[in-house]
Amino acid sequence: MLQVESVRYLKEENQIIILDQTLLPTKEEYLTISTIESLWEAIVKLQVRGAPAIGIAAAYGAAMAAQKLDVASYEAFNKEYQAITAYLGSSRPTAVNLFWALNRMEQIVKESSDKSVAQLKVQLIEEADLIKKEDAQMCKQIGEHALTLLEDGQTVLTHCNAGAIATAQYGTALAPIYLAKERGMTLRVYADETRPLLQGARLTTWELMKAGIDVTLITDNMAAMVMQQGKIDAVIVGCDRIAANGDAANKIGTYGVAVLAEKHGIPFYVAGPTSTIDMDTKTGSDIPIEEREAIEITNGFGKQTAPDGVKVYNPAFDVTPHELITAIITEKGVIERPDEAKMRAMFGE
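Residues numbered from 1 in each chain as written. Predicted model: local features only at pLDDT ≥ 70, side-chain atom pairs only at ≥ 80, totals over all residues. Heavy atoms only, no water.

Caption draft 1: Layout of the nonpolar core. Core analysis: the largest hydrophobic core is formed by 43 residues, its most contacted members being Val7, Ile16, Phe77, Tyr81 and Leu124. Mapped onto this core, the elements with two or more residues apiece are β1 (7-10), β2 (15-19), α1 (36-44), α2 (51-67), α3 (74-89), α4 (96-110) and α5 (117-147). No other element matches the 12 residues that α2 contributes to this core. In this structure, Tyr81 is in contact with Ala62, Ala66, Leu69, Met105, Glu106, Val109 and Leu124, ignoring residues within four places of it in sequence. One finds Ile142, Leu179, Val215 and Ile329 within the second-largest nonpolar core, a separate group that totals 29 residues. (Core = buried A, V, L, I, M, F, W, Y, C linked by side-chain atoms within 4.5 Å. Buried < 20%, exposed > 50% of the residue type's maximum accessible area, 1.4 Å probe, protein only. Helix = DSSP H or I, 4+ residues; strand = E, 2+ residues; numbered from the N terminus. Contact = heavy atoms within 4.5 Å.)

Caption draft 2: Seen up close, the side chain of Asn14. With respect to the helices and strands, the residue Asn14 is situated in the loop between β1 and β2. If we skip the residues at most four places from it in the chain, Asn14 touches Tyr9, Met64, Gln67 and Lys68.

Caption draft 3: The sheet that holds β1, seen in detail. An order of β1-β2-β3 is seen for the 3 strands of this open sheet, with the pairing classed as antiparallel. If you trace the sheet from one side to the other, it starts and ends with β1 and β3 (30-33), each paired once. The mean angle between the axes of side-by-side strands here comes to 25°, regardless of whether they run parallel or antiparallel. Of the pairings in the sheet, the one linking β1 to β2 comprises 4 bridges and is antiparallel in character. Paired with Arg8 across the strands is Ile17, a residue of β2. (Pairing = 2+ DSSP bridges. Axes fitted to C-alpha atoms, helices over the stretch in contact; angles between N-to-C directions.)

Caption draft 4: A look at α2. Over its 17 residues, α2 extends 25 Å from the first C-alpha to the last, a length consistent with the 24 Å expected when each residue adds 1.5 Å. Counted residue by residue, α2 has 16 buried out of 17 residues, so it is predominantly covered. (Expected span 1.5 Å × (residues − 1).)

Caption draft 5: Local environment of the sheet that holds strand β14 (residues 333-336). With mixed pairing, 7 strands are arranged side by side in an open sheet as β6-β5-β4-β7-β10-β13-β14. In the strand order of this sheet, the two ends are held by β6 (215-218) and β14, each with one partner. Going from strand to strand, the sheet's axes swing by 25° on average, the running direction of each strand aside. Where strand β13 (residues 327-330) lies against β14, 4 bridges are found, and the strand directions are antiparallel. The partner of Ala327 across the bridge, within β14, is Glu336. On the sheet, α5 packs against β10 (268-271), β13 and β14 and is oriented at approximately 140° with respect to β13.

Below, the structure is given as structure tokens:
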């Protein structure tokens with residue numbers, strides 16, 4: 001298993017330590033976060049990224065900020081705490097784990113009006129710890145379910161990074177890869193480069209190589225050819241939000257991979273914890289899609305590759321319709337050919 005912790009909290013120092021994913025693969029460095037402003041910036045800049053990791057970081061951020069509140073009454077504490085969570089929630093609109101984690105933290109406060117401020121502060125740290133612990137458990141269970149869909153010796157294509165550094169441990173899409181290695185199985189991986197920020201090239205290949213797993217890097221526009229050549233047995237991707245009908249939002253380019261998989265008769269799996277399931281969002285068209293700055297495309301990694309003043313459209317995510325998804329894999333089990341009825345049967349209203 002990859003021995004890297006993407007987010008951790010130092011209780012005595014009241015600080016958050018995050019792996020700075022913008023520096024990978026050439027530098028493995030960690031940021032010390034001591035304010036919610038610096039955490040907000042780290043989330044926006046993708047220094048911490050991956051829907052589960054963002055949720056964990058936000059939970060610790062809310063707990064960290066709560067420790068600094070110098071108020072005596074529950075009413076004053078609750079008012080200031082609401083401002084903290086609202087601020088952190090403005091950092092990334094698409095990843096539902098962010099709001100799921102903050103809502104869990106808010107619920108602790110709402111249900112504890114009879115507690116002292118000191119007790120509330122302790123409870124918030126305990127809840128953030130629990131969110132992280134549960135995510136690690138969910139990721140392992142996702143891997144267990146995913147392994148039932150794969151065979152020893154197969155080759156999997158993945159897009160973006162849904163590995164250990166995007167979660168508390170194991171990852172989502174990469175969880176079965178890590179579990180397979182632990183059990184002596186061999187699963188090979190093709191990793192899409194993932195334009196424009198190259199999360200596949202910089203992050204997925206880095207962590208898989210570090211764990212001793214066979215990984216081959218390709219550019220995004222090579223996916224069709226390797227499928228045509230019969231090199232791919234299955235596609236597994238992560239997700240940032242899954243709607244009630246099974247439509248799934250993930251890193252831009254995922255939809256195209258799903259179309260290619262359908263064309264070539266290759267199963268297309270979406271892996272994610274139930275914290276990414278948003279039963280309040282009816283379809284994928286209702287999922288807010290973050291748009292990022294043009295400079296990520298025109299001047300990627302400091303090199304200008306487009307003319308000054310060119311118009312740019314830079315959505316960070318796209319939505320794969322549920323009709324293209326062979327199965328959604330969560331810690332609760334596998335939903336084959338997902339639709340609203342099957343989603344509601346497993347996840348309720």
